[in-house]
Amino acid sequence: MIRKQSKLGDDLANTLRKVVVVDAPRAVAWRVFTGKMGAWWPRATHMIGKSKAVDAVIEPRVGGRWYERGDDGTTCDWGRVLAWEPDTRLVLSWEITADWQHDPDLRTEVEIRFIADGDHRTRVELEHRHLDRYGKRREEMRGIFDSEGGWTGLLAAFAARASAE
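Note that this is a predicted model, so its numbers are computed, not measured.

Draft legend 1. Spatial organisation of the pattern of salt bridges. Overall, the coordinates contain 23 salt bridges when judged by the stated rule. For the salt bridge of E125 with R123, the shortest nitrogen-to-oxygen distance reads 2.7 Å. E125 sits in the buried class, given a relative accessible area of 17%. On the basis of relative accessible area, R123 is assigned to the partly exposed category, the value being 34%. E165 serves as the salt-bridge partner of R161, at 3.3 Å between the closest nitrogen and oxygen. A residue is classified by how much of its surface remains accessible, and R161, at 32% relative accessible area, is partly exposed. Judged by relative accessible area, E165 falls into the partly exposed class, the value being 39%.

What follows is the structure, given as structure tokens:
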């Protein structure tokens, strides 16, 4: 995939990048991120549905849903799978507004790359891009995504879970 590079200032404002090293092989890191998200995602605080979230699910295919499942069986979409390349790369649309509601017309993107770092470690690179689609609330959302309650804490929880597998 060839990506057009934007100007550095625009890129920094509209894209958030995070890296975490996981003490697990790449296949394990992939499986925990994609297949066991409900085990490390903080469902009690990071949900947008009306019922208590009991799982976070990524359907394993391009076009699949990314969603939360409530204790009453209802689901609430978060986005879609845009790229599914097992063990190496996942791209998800993030369709959650600044008011924490699902909106299929708002599509930022979250790309996660899984890079082997020796036999038993994986470097996981996350890029949340197109934050300019939040308009006037871009900086607010970038700050949230860049916090302990955002991707910083989420990746730490993921790394802890994957390392324990």
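Next comes the rest of the account.
Draft legend 2. Broad picture of the sheet that holds strand β7 (residues 122–129). If you trace the seven strands from one edge of the open sheet to the other, you get β1-β7-β6-β5-β4-β3-β2, paired in antiparallel fashion. Looking along the sheet, the strands with just one partner apiece sit at the ends: β1 (15–22) and β2 (53–58). Strand-to-strand twist across the sheet, computed as the mean angle between neighbouring axes with direction ignored, equals 20 degrees. Direction of pairing for β1 relative to β7: antiparallel, over a ladder of eight bridges. Bridge pairing in β7 places L16 opposite H128.

The rules we used
- Residues numbered from 1 in each chain as written.
- Predicted model: local features only at pLDDT ≥ 70, side-chain atom pairs only at ≥ 80, totals over all residues.
- Heavy atoms only, no water.
- Salt bridge = Lys/Arg side-chain N within 4 Å of Asp/Glu carboxyl O.
- Buried < 20%, exposed > 50% of the residue type's maximum accessible area, 1.4 Å probe, protein only.
- Pairing = 2+ DSSP bridges.
- Helix = DSSP H or I, 4+ residues; strand = E, 2+ residues; numbered from the N terminus.
- Axes fitted to C-alpha atoms, helices over the stretch in contact; angles between N-to-C directions.

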